[in-house]
Amino acid sequence: GQATGEDSVVILHPQAVFKDPFRRGNNILVICDSYTPSGVPIPTNKRHDDAKIFSHPDVVAEEPWYGIEQEYTLLQKDTLWPYGWPVGGYPDSQGPYYCGNGADKAFGRDIVNAHYKACLYAGINISGINAEVMPGQWEFQVGPAVGISAGDEIWVARYILERITEMAGVVLSFDPKPIKGDWNGAGAHANYSTKSMRNDGGYEVIKSAIAKLEKRHKEHIAAYGEGNERRLTGKHETADINTFLWGVANRGASVRVGRETEKAGKGYFEDRRPASNMDPYVVT
């Protein structure tokens, strides 16, 4: 969808380089900006405007840190039903799967561990993995990453994950609500701080920032991923899509502040609204 067949040339500008964990040696993976032959960014090139924001002196001075929690679902290739689920049927209800272990609770750990090692090799600042609430659903975290590198690292980490699931014969889904009903959806929580937030007095800066987020709630929801209305129902550890709610240690809030941040009077906050299929350049 980047160009029409009648005018199919897309110009690539290399922007970030990672070691290739598949071919290894001197091989690399490259994140590129995409432009029309006349030099105009194509519509899906969100990195172009993102780079302008992150290179602004005021933004550079604040050193914005991101920690992105990327949730995803593994699906059986032939049925597109969650990996580890009985074909056409359902496992036991949610509860024992989150951070779970055991052959009846954790489905696909070999894929998850292979992805973690591959990201470390590539130079991605991957900082954690865990089994998620819905069986067959997992999460990896990237960060802290500064500025535009957060988007680059998430994008490459997704690519590496899809390559690994391809080799395993499993389908990767970033759909925010792959299974209807009483099952958790998949998000991409964005943890965020600036230098002012991390310094003494930062909690007041955080509260001021959250107040600004609230005023733009509709604009943010529109930019936080497709199909997010199926996930943000007010159930399953989310706030309702039409409501902006923030709180300390509240997993059902739009924005959550940790107890440690409240106690220290400085730190970071977590925007829990972005969907798993969000564009990290747009969200950051």
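Provided above is the structure to which this section pertains.
Treat the numbers as computed from the prediction; the structure is a model and nothing was measured.

> Please explain helix H6 (residues 202-215) as it appears in this structure.
It helps to recall that an α-helix has 3.6 residues per turn; residues three or four apart then point in one direction. In a regular helix each residue adds 1.5 Å, so 14 residues correspond to 20 Å; H6 covers 20 Å between its end C-alpha atoms and thus fits that length. Buried residues of H6: Gly 202, Tyr 203, Ile 206, Ala 209, Ile 210 and Leu 213, and no others. Here the buried residues of H6 occupy an arc of 120° about the axis, which is enough to place them on one side. Turned more than 90 degrees off the buried face of H6, the exposed positions are Glu 204, Lys 212 and Lys 215.

> Looking at this model, I keep getting lost on the packing of helix H3 (residues 109-122) against helix H4 (residues 149-168). Mind explaining?
Packed helices, taken two at a time, are described by the angle between their axes plus the distance between the axes. Packing of H3 against H4 brings their axes to within 9 Å, and their N-to-C directions diverge by 135°. Compared by their axis directions, H3 and H4 come out oblique. Seen along the crossing, H3 lies across H4 with a hand that is right-handed. Here Ile 111, Ala 114, His 115, Ala 118, Cys 119 and Ala 122 of H3 come into contact with H4, specifically with Ala 157, Ile 160, Leu 161, Ile 164, Thr 165 and Ala 168. The residue makeup of the contact of H3 with H4, split by class, is 10 nonpolar, 2 polar and no charged.

> Looking at this model, I keep getting lost on the nonpolar core. Mind explaining?
Across soluble globular proteins, you tend to see nonpolar side chains buried next to one another. Core analysis: the largest hydrophobic core is formed by 39 residues, its most contacted members being Phe 18, Tyr 72, Ile 124, Trp 138, Phe 140, Val 156 and Ile 160. It is H4 that contributes the most residues to this core, 7 residues altogether. Not counting chain neighbours up to four residues away, the residues in contact with Val 156 comprise Phe 18, Leu 29, Ile 31 and Ile 124. Judged by nonpolar contacts, the second largest core, of 11 residues, contains Tyr 203, Ile 206, Ile 210 and Val 255.

> When you look at the environment of Arg 47 in this model, what are you seeing that I'm missing?
Assignment of secondary structure puts Arg 47 in helix H1 (residues 47-54). Arg 47 gets classed as buried once you look at its relative accessible area, which sits at 7%. Considered as a pair, Arg 47 and Asn 228 are 181 residues apart in the sequence and their alpha carbons are 22 Å apart. When neighbours within four sequence positions are excluded, Arg 47 is seen to be in contact with Gln 15, Ile 31, Asp 33, Ile 148, Asp 152 and Tyr 281.

> Any chance you could explain the pairing of strand E4 (residues 126-131) here in plain terms?
Each regular strand shows side chains that alternate between the opposite faces of the sheet. When E4 meets strand E5 (residues 137-146), the two strands line up antiparallel, connected through 5 bridges. The residue of E5 that forms the bridge with Gly 128 is Gln 141. In sequence, E4 turns back onto E5 through a hairpin of 5 residues, with Gly 136 there showing a positive phi of about 90°.

Rules used in this analysis
- Residues numbered from 1 in each chain as written.
- Predicted model: local features only at pLDDT ≥ 70, side-chain atom pairs only at ≥ 80, totals over all residues.
- Heavy atoms only, no water.
- Helix = DSSP H or I, 4+ residues; strand = E, 2+ residues; numbered from the N terminus.
- Expected span 1.5 Å × (residues − 1).
- Buried < 20%, exposed > 50% of the residue type's maximum accessible area, 1.4 Å probe, protein only.
- Arc of directions from axis to C-beta.
- Axes fitted to C-alpha atoms, helices over the stretch in contact; angles between N-to-C directions.
- Parallel < 35°, antiparallel > 145°, perpendicular 65-115°, else oblique.
- Left-handed = near helix turned anticlockwise from the far one by under 90°.
- Contact = heavy atoms within 4.5 Å.
- Nonpolar A, V, L, I, M, F, W, Y, C, P; charged D, E, K, R; others polar.
- Core = buried A, V, L, I, M, F, W, Y, C linked by side-chain atoms within 4.5 Å.
- Pairing = 2+ DSSP bridges.

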